[in-house]
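# Coordinate inspection notes
Listed below are the residues making up each chain.
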Amino acid sequence: SQQGEEDPQALSIQEGENATMNCSYKTSINNLQWYRQNSGRGLVHLILIRSNEREKHSGRLRVTLDTSKKSSSLLITASRAADTASYFCATSAGNTGKLIFGQGTTLQVKP
Amino acid sequence: EAQVTQNPRYLITVTGKKLTVTCSQNMNHEYMSWYRQDPGLGLRQIYYSMNVEVTDKGDVPEGYKVSRKEKRNFPLILESPSPNQTSLYFCASSLSRGKRDTEAFFGQGTRLTVV
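To keep things clear, this report deals only with the structure shown in the data block. (Residues numbered from 1 in each chain as written. Chains lettered and ligands numbered in written order. Predicted model: local features only at pLDDT ≥ 70, side-chain atom pairs only at ≥ 80, totals over all residues. Heavy atoms only, no water.)

With that settled, the discussion passes to the overall build of chain A. Check the secondary structure of chain A and you find zero helices and eleven strands. For chain A, the α and β elements follow one another from N to C terminus as β-β-β-β-β-β-β-β-β-β-β. Against the compact-globule benchmark of 13 Å for 111 residues, chain A has a radius of gyration of 13 Å, which places it among compact chains. Counting only C-alpha atoms and orienting by the principal axes, one finds that chain A spans roughly 40 × 30 × 20 Å. For chain A, the residues scored as buried account for 47% of the 111 residues in total. The long-range fraction of contacts in chain A, counting pairs at least 24 apart against all pairs at least 6 apart in sequence, stands at 55%. Looking at chain A as shown, the accessible area adds up to about 5100 Å², and 46% of this sits on carbon and sulfur atoms. (Helix = DSSP H or I, 4+ residues; strand = E, 2+ residues; numbered from the N terminus. Rg over C-alpha atoms; globule rule 2.2 N^0.38 Å. Buried < 20%, exposed > 50% of the residue type's maximum accessible area, 1.4 Å probe, protein only. Contact = heavy atoms within 4.5 Å. Areas by Shrake-Rupley, 256 points an atom, 1.4 Å probe, with all protein chains shown as cover.)

Below, the structure is given as structure tokens:
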């Protein structure tokens, strides 16, 4: 079952612009995580936000979480061509350690 | 270097020929899992293991088997592969189900084609 739904599915911007991706989910969560995937390669963890947190920063990344709306957003500021990748949100719930992934947003940053 | 290693990276096989994709992690993680990634469907969990000798079905377990005889290894077995198992497969591990706020580490993926 898909927990996270991401929006938009694809995003194309110019280098230096900000990129915003959104994720919605359906059930209560322990945390929400964002991952990055370069074409055909493994996923790399970017940032984790706990259910009792509302905002978190890591370098050029800013993540927000609204548990009342069951949604999160990932903002990449001052984007670079190297940020071109697919970005996935994943939710963790219960005690099994299972992550449920959204379908991802494909970001293209044009030089 | 902390990592999850999958082998092989690429595999083309024929329908019905048993195959195993290996996965090994060097981080002493308790939790390991397998995902398949298909266009338009995202990542879907196949099987997971919360510790040695403890495995359980994920969302799409049909046609797959796993084993967890050692903490570091979690092979994925396709007893009789079929073309609908053509996909990109990822192994992942994380610290412990008891620590809920932990990140997952992914292998580089295995691109499997069944003809």
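When helices and strands are counted, chain B shows zero helices and eleven strands. The secondary structure elements of chain B, listed N-terminal to C-terminal, are β-β-β-β-β-β-β-β-β-β-β. For chain B, whose C-alpha radius of gyration is 13 Å, the value lies close to the compact-globule estimate of 13 Å for 115 residues. As presented, chain B carries roughly 5600 Å² of accessible surface, and 48% of it is formed by carbon and sulfur atoms. Of the charged side chains in chain B, 15 are positive and 11 negative, and the gap between their average positions amounts to 4 Å. (Lys, Arg positive; Asp, Glu negative; His and termini not counted. Charge placed at Lys NZ, Arg CZ, Asp CG, Glu CD.)

All names here are of chain B. One open sheet accounts for four strands, arranged S1-S3-S8-S7; its pairing is antiparallel. Of all strands in the sheet, those with a lone pairing partner are strand S1 (4-7) and strand S7 (65-66), marking the two edges. Summarising the sheet, strand S3 (residues 19-25) and strand S8 (residues 76-78) pair through three bridges and their orientation is antiparallel. Each bridged residue has a counterpart across the sheet, and for Val 21 the counterpart in S8 is Leu 76. (Pairing = 2+ DSSP bridges.)

Moving on, we get to the sheet that holds strand S3 (residues 19-24) of chain A. Residue and element names in this part refer to chain A. One open sheet accounts for five strands, arranged S1-S3-S8-S7-S6; its pairing is antiparallel. Both edges of this open sheet fall to strand S1 (5-7) and strand S6 (55-58), since each of them pairs with a single strand only. Strand-to-strand twist of the sheet, defined as the mean angle between neighbouring strand axes without regard to direction, takes the value 15 degrees. (Axes fitted to C-alpha atoms, helices over the stretch in contact; angles between N-to-C directions.)

Disulfides are covalent bonds that link the sulfur atoms of two cysteine residues. Enumeration according to the criterion identifies two disulfides over all chains in this entry. With its sulfur 2.0 Å from that of its partner, Cys 23 of chain A forms a disulfide with Cys 89 of chain A. Between Cys 23 of chain A and Cys 89 of chain A, the disulfide has an S-S torsion of 65 degrees and is therefore right-handed. You can see Cys 23 of chain A sitting in strand S3 and its partner Cys 89 of chain A sitting in strand S9 (residues 85-92), a full 66 residues away along the chain. For Cys 23 of chain B, the disulfide goes to Cys 91 of chain B, at an S-S distance of 1.9 Å. What sets the handedness of the Cys 23 of chain B and Cys 91 of chain B disulfide is the S-S torsion sign, and at about -70 degrees it is left-handed. (Disulfide = S-S within 2.5 Å.)

Further remarks concern the pairing of S9 of chain A. Residue and element names in this part refer to chain A. Of all the eight residues making up S9, eight are buried; the element is thus mostly covered by neighbouring parts of the structure. Residues Ala 85, Tyr 87, Cys 89 and Thr 91 of S9 are buried on one face, and the alternating residues Ser 86, Phe 88, Ala 90 and Ser 92, pointing to the opposite face, are buried as well. Inspection of the sheet shows strand S4 (residues 31-37) paired to S9 by seven bridges, in the antiparallel sense. Bridging from a neighbouring strand, Arg 36 pairs with Tyr 87 of S9. Sheet analysis places S9 next to strand S11 (residues 105-110), joined by three bridges and oriented antiparallel. When the sheet's bridge partners are listed, Ser 86 is paired in S11 with Thr 106. Both S9 and strand S10 (residues 99-101) contribute to a ladder of three bridges, which runs antiparallel.

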